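Letter by letter, the chains look like this.
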Amino acid sequence: MANHSLEVLKLSVLFDNHFFDGAPTQVHFIENSTMVGTWIDEQGAANLTIGLDRIQFMNSDQLAFLIAHEYGHLVLKHPQKTLEIQQQYGVNSTFDEFMLSFDMKRDYSKLMREMELEADLLGAQLVLGLGHDPVAGASFLLSETKSIQHPEGTLRVAKIKSGKESIQAEDFSGTFGDLATQLSDAEVLAALVPSYTQPIDSIDSTVKAAVESWPASDTEGGYAGDTLHGFEVSVLLTVAVLVCALPRWWRKTSGT
Ligand SMILES: [Zn+2]
């Protein structure tokens, strides 16, 4: 599990550098949850929440696709668009969604599902660029049924499969030199927690897994990787648990 969380953080650092000039996406891990989603907070910062139960048994193709899909939502500004659509349709909750009239629900659903397919395609583009197979990566979607916000998983995978030939692999060589995926765990942790001064016990469970202090790319190779040698990775990752209140524009995601 710890390795999965680290992998998520590495991908997050890579994508933040590639798409957002290194502006950190706040990554929140939630224990005993399968929820995954992206949202923008009141300060305008991007947030990514990962239920640890969701990723626990994923292989690296699947994990990469999941995170790439979520970044697809962020890059394509879907949290903002979701909010606009929900305001337009007067939706404040899943109950409101359910209560929409037949015609409104159909139109609303179409808009929401389109965003999922867009995020899938961008996600596929990203994982291809990272050397993963998008169809294998998306395989966890196959068991997912259709919902108001999500198309059925089989359709999503079929779309990726049929588009595979024309999907352009994202070129990561420019922005970050693929560095994040090559870093050792200790280096990633060192970058995430550069000056670790507090004893573990004094950090409560609401501390975020922040990617705030990733060094600028001109300091490549200059990480204080040694400071965390011998550090218990799994212990540090318990720091990364944040149970956040769900904003009302939360993309309902037992899936993604
Ligand atoms: Zn999604």
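Structure first, text after, so check above.
Quick look at the structure, then. (Residues numbered from 1 in each chain as written. Predicted model: local features only at pLDDT ≥ 70, side-chain atom pairs only at ≥ 80, totals over all residues. Heavy atoms only, no water.)

When helices and strands are tallied, the protein chain shows 11 helices and 3 strands. Its helices and strands in sequence order give the protein chain the pattern α-β-β-β-α-α-α-α-α-α-α-α-α-α, from N to C terminus. In the protein chain, buried positions account for 48% of the 256 residues. Accessible surface computed for the protein chain: about 12,000 Å², of which carbon and sulfur atoms make up 52%. (Helix = DSSP H or I, 4+ residues; strand = E, 2+ residues; numbered from the N terminus. Buried < 20%, exposed > 50% of the residue type's maximum accessible area, 1.4 Å probe, protein only. Areas by Shrake-Rupley, 256 points an atom, 1.4 Å probe, with all protein chains shown as cover.)

The next subject is the environment of Q80. Residue placement: Q80 occurs in helix α4 (residues 78–88). The class of Q80 is partly exposed, set by a relative accessible area of 30%.

The nonpolar side chains of soluble globular proteins are, as a tendency, buried together. By size, the foremost hydrophobic cluster in this structure holds 36 residues, and its most contacted members are V8, F15, I50, I55 and I67. Of all elements in the fold, only α1 (2–19), β1 (26–30), β2 (36–40), β3 (46–51), α2 (52–55), α3 (60–75), α6 (102–129) and α8 (153–163) reach the threshold of two or more residues within this core. Excluding anything up to four places from it in sequence, I67 contacts V8, L11, F15, L48 and I50. I85, Y108, M112 and M115 belong to the second-largest nonpolar core, a separate cluster that totals 8 residues. (Core = buried A, V, L, I, M, F, W, Y, C linked by side-chain atoms within 4.5 Å. Contact = heavy atoms within 4.5 Å.)

Before going further, it helps to examine a nonpolar patch on the surface. The grouping of F95, F98 and M99 at the surface amounts to a nonpolar patch, some 380 Å² of accessible area in total. Relative to the elements of secondary structure, F98 occurs in helix α5 (residues 94–99). With a relative accessible area of 55%, F98 lands in the exposed category. (Patch = residues over 30% accessible without salt bridge, like charges linked within 9 Å, V, L, I, M, F, W, Y side chains within 5 Å. Salt bridge = Lys/Arg side-chain N within 4 Å of Asp/Glu carboxyl O.)

A few words now on the sheet that holds β2. Strand order in the open sheet formed by 3 strands is β1-β3-β2, with mixed pairing between adjacent strands. Two strands lie at the open edges of the sheet, namely β1 and β2, each paired on one side alone. Ignoring which end each strand starts from, the neighbouring axes of this sheet average 20° apart. Along the sheet face, α3 touches β2 and β3 and points at about 25° away from the line of β2. (Pairing = 2+ DSSP bridges. Axes fitted to C-alpha atoms, helices over the stretch in contact; angles between N-to-C directions.)

Quick look at the packing of α4 against α6 now. Where α4 contacts α6, the axes come no closer than 11 Å and their chain directions differ by 175°. As judged from the angle between their axes, α4 and α6 are roughly antiparallel. Here H78, K81, T82, I85 and Q86 of α4 lie close against α6, whose contacting residues are Y108, L111, M112, M115, E118 and A119. Taken together, the residues that form the contact of α4 with α6 break down as 6 nonpolar, 3 polar and 2 charged. (Parallel < 35°, antiparallel > 145°, perpendicular 65-115°, else oblique. Nonpolar A, V, L, I, M, F, W, Y, C, P; charged D, E, K, R; others polar.)

Quick look at the packing of aromatic side chains now. Within this structure, the stated rule accounts for 6 aromatic pairs. Between F19 and F20, the aromatic rings sit 6.3 Å apart at their centres with planes inclined by 50°, giving tilted as the arrangement. The class for F20 is partly exposed, based on a relative accessible area of 25%. Each residue in the set F15, F19, F20, Y71 and F172 is aromatic and connected to the rest through ring pairs, giving one cluster. (Phe/Tyr/Trp six-rings, centres within 6.5 Å; stacked < 30°, edge-to-face > 60°.)

Next up on the list: the packing of α6 against α8. One can describe the packing of α6 onto α8 by two numbers: an axis separation of 10 Å at closest approach and a directional angle of 45°. It follows that α6 is oblique to α8 by the angle criterion. Our pair here, α6 against α8, has a crossing hand that is right-handed. Facing α6, whose interface residues are E116, L117, D120, L121 and A124, α8 presents R156, K159 and I160. (Left-handed = near helix turned anticlockwise from the far one by under 90°.)

Tracing the chain through its elements places D16 in helix α1. Buried charged residue D16 carries no salt bridge. Nearest counter-charge: K77, at 12 Å. Those residues within four positions of D16 in sequence are excluded, and the remaining contacts are D21, G22, A23, P24, T25 and Y71. (Lys, Arg positive; Asp, Glu negative; His and termini not counted.)

Purely spatial values, then, with no claim about function.
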